[in-house]
Amino acid sequence: MDWNKFLSETKSCFNTLEQETPDTFKGFGIMGKEAKKNGALSEKTKELIALGIAIATRCDSCIAFHVQSLVRLETSRTEMIEALSMCSFMGGGPSIAFSAKALEAFDQFNQS
């Protein structure tokens, strides 16, 4: 999969939906901004948690958004692999498959 292309297409679809439901997106944005703030947990830790949930729910779009954020937050490949190992342990075969996708996305976003 070309994760950069996929994320660009996903953002385009979101923009179309946002035009139809601006208050929904505004509320979601406010909630996300508050949830991601550094506090007792760092933004990076919170994004790793979000990635784990994205893998567990098998959401390619969510995986792309959270992996892109983890790249922005300078997550190392080692940190990523350890998080994906835990996701795989907790979710079994399906999570292994989606963890592999997340690692592919991570590698591609790091090349961008």
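Residues numbered from 1 in each chain as written. Predicted model: local features only at pLDDT ≥ 70, side-chain atom pairs only at ≥ 80, totals over all residues. Heavy atoms only, no water.

## Focus on the overall build of the protein chain
In terms of regular secondary structure, the protein chain is built from five helices and zero strands. Here the protein chain has a C-alpha radius of gyration of 14 Å; the compact-globule value for 112 residues is 13 Å, and the two agree. Counting only C-alpha atoms and orienting by the principal axes, one finds that the protein chain spans roughly 40 × 35 × 25 Å. Going through the 112 residues of the protein chain one by one, you find that 31% of them count as buried. In the protein chain, once contacts between residues fewer than 6 apart in sequence are set aside, the share between residues at least 24 apart is 67%. For the protein chain, the computed accessible surface area is about 7000 Å², with 60% contributed by carbon and sulfur atoms. Computed over 12 positive and 14 negative side-chain charges, the inter-centroid distance for the protein chain is 3 Å. (Helix = DSSP H or I, 4+ residues; strand = E, 2+ residues; numbered from the N terminus. Rg over C-alpha atoms; globule rule 2.2 N^0.38 Å. Buried < 20%, exposed > 50% of the residue type's maximum accessible area, 1.4 Å probe, protein only. Contact = heavy atoms within 4.5 Å. Areas by Shrake-Rupley, 256 points an atom, 1.4 Å probe, with all protein chains shown as cover. Lys, Arg positive; Asp, Glu negative; His and termini not counted. Charge placed at Lys NZ, Arg CZ, Asp CG, Glu CD.)

## Things to note about the pattern of salt bridges
Tallied over the entire structure, the rule returns seven salt bridges. A salt bridge links Lys37 to Glu34; the shortest N-O distance between them is 3.2 Å. (Salt bridge = Lys/Arg side-chain N within 4 Å of Asp/Glu carboxyl O.)

## A closer look at helix 5 (residues 77-111)
End to end, helix 5 covers just 12 Å across 35 residues, shorter than the expected 51 Å (1.5 Å per residue, more than 12% under). The largest bend in helix 5 amounts to roughly 150 degrees and is located at Gly92, with the proline Pro94 lying one to four residues further along. (Expected span 1.5 Å × (residues − 1). Bend = angle between axes of the 7 residues up to and from the residue.)

## Quick word on the packing of helix 4 (residues 60-72) against helix 5
Axis angle and axis distance: for two packed helices, these are the angle between their axes and the distance between the axes, and together they describe the pair. Where helix 4 contacts helix 5, the two axes come as close as 9 Å, and the packing angle between them is 60 degrees. Classed by the angle they form, the pair helix 4 and helix 5 counts as oblique. Helix 4 and helix 5 meet at a crossing whose hand is right-handed. Contacts between helix 4 and helix 5 involve Asp60, Ile63, Ala64, Val67, Gln68, Leu70 and Val71 from the first element and Met80, Phe98, Lys101, Ala102, Ala105, Phe106, Phe109 and Asn110 from the second. (Axes fitted to C-alpha atoms, helices over the stretch in contact; angles between N-to-C directions. Parallel < 35°, antiparallel > 145°, perpendicular 65-115°, else oblique. Left-handed = near helix turned anticlockwise from the far one by under 90°.)

## Some words on the layout of surface pockets
Empty space within the largest pocket amounts to approximately 660 Å³. Considering the residues around the largest pocket, the lining is formed by 20 residues, among which Phe28, Gly29, Gly32, Lys36 and His66 are closest to the centre. When contributions to the lining of the largest pocket are tallied by element, the ones reaching two or more residues are helix 1 (3-20), helix 2 (22-36), helix 3 (43-56) and helix 4. Of the residues forming the lining of the largest pocket, the biggest block, nine residues, is contributed by helix 2. Partitioning the lining of the largest pocket into residue classes produces eight nonpolar, six polar and six charged. (1 Å grid on protein atoms, 1.4 Å probe; cavity = no way out; pocket = protein on both sides within 12 Å on 5 of 7 lines; lining within 4 Å. Points joined across faces, edges and corners; volume = space filled by probe spheres on them. Nonpolar A, V, L, I, M, F, W, Y, C, P; charged D, E, K, R; others polar.)

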